[in-house]
Amino acid sequence: AFMQHRFEGLLEEESAEHGVDVNKLQLSSQTDLKEQKQVEAQLRKEQETLLKGLEIMEEDRVRIEREQQEQANKIKSLQDQADELQRTLGSLEVERRERESTLGDKEQKIESYK
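This one's a predicted model, so the numbers in the text were calculated from it and none came from an experiment.

**Description of the overall build of the chain**
1) Next: For the chain, the helix and strand inventory stands at one helix and zero strands.
2) Next: Relative to the globule expectation of 13 Å for 114 residues, the C-alpha radius of gyration of the chain, 48 Å, shows a markedly less compact shape.
3) Next: Summarising its shape, the C-alpha atoms of the chain cover approximately 165 × 15 × 10 Å along the three principal directions.
4) Next: The 114 residues of the chain split such that 0% are buried.
5) Next: In the form shown here, the chain has an accessible surface area of approximately 11200 Å², with 55% of it arising from carbon and sulfur atoms.
6) Next: The chain carries 19 positive and 28 negative side-chain charges, and their two centres are separated by 11 Å.

Written out as structure tokens, the structure is:
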């Protein structure tokens, strides 16, 4: 009976220690889980911030690309206008020389009549 009683006492003591260990492990697990959830929330917040930044950068890239295309079109248009003006200037200069020549010829004819 003494051995049985002693064995049951040791068993209860061991059971109590085991219960304390289980409680410690549960508490530790809950603390770890809480910390992991905080880390997860922080990482999600950072991810959202990065995604918003990426979205803004993409919008800026599209806007800049569009502006560059518009500027390239304006440059081409101005270059075409400059080329057309050069051609017009050339033809006007030729016409002016022809008129000056014609005028000179007519002046000579007028002088010859005098």
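**Quick look at a negative patch on the surface**
1) Next: On the surface, Glu13, Glu14, Glu17 and Asp21 cluster together into a negatively charged patch.
2) Next: Its location among the elements puts glutamate 17 in helix H1 (residues 2-113).
3) Next: On the accessibility criterion, glutamate 17 (42% relative accessible area) is partly exposed.

**Quick word on the pattern of salt bridges**
1) Next: Counted according to the given criterion, the structure contains nine salt bridges.
2) Next: A salt bridge links arginine 44 to glutamate 40; its shortest N-O distance comes to 2.8 Å. Here the residue arginine 44 and the residue glutamate 40 both occupy positions in helix H1, the gap between them amounting to four residues, near one helical turn.
3) Next: With a relative accessible area of 38%, glutamate 40 lands in the partly exposed category.
4) Next: One network of salt bridges, in which partners are shared, links Glu58, Arg61 and Glu65.

**What to know about the environment of glutamine 4**
1) Next: With respect to the helices, strands and loops of the structure, glutamine 4 is situated in helix H1.
2) Next: Separated by 78 residues in the primary sequence, glutamine 4 and alanine 82 place their C-alpha atoms 113 Å from one another.

Scoring rules and cut-offs
- Residues numbered from 1 in each chain as written.
- Predicted model: local features only at pLDDT ≥ 70, side-chain atom pairs only at ≥ 80, totals over all residues.
- Heavy atoms only, no water.
- Helix = DSSP H or I, 4+ residues; strand = E, 2+ residues; numbered from the N terminus.
- Rg over C-alpha atoms; globule rule 2.2 N^0.38 Å.
- Buried < 20%, exposed > 50% of the residue type's maximum accessible area, 1.4 Å probe, protein only.
- Areas by Shrake-Rupley, 256 points an atom, 1.4 Å probe, with all protein chains shown as cover.
- Lys, Arg positive; Asp, Glu negative; His and termini not counted.
- Charge placed at Lys NZ, Arg CZ, Asp CG, Glu CD.
- Patch = residues over 30% accessible without salt bridge, like charges linked within 9 Å, V, L, I, M, F, W, Y side chains within 5 Å.
- Salt bridge = Lys/Arg side-chain N within 4 Å of Asp/Glu carboxyl O.

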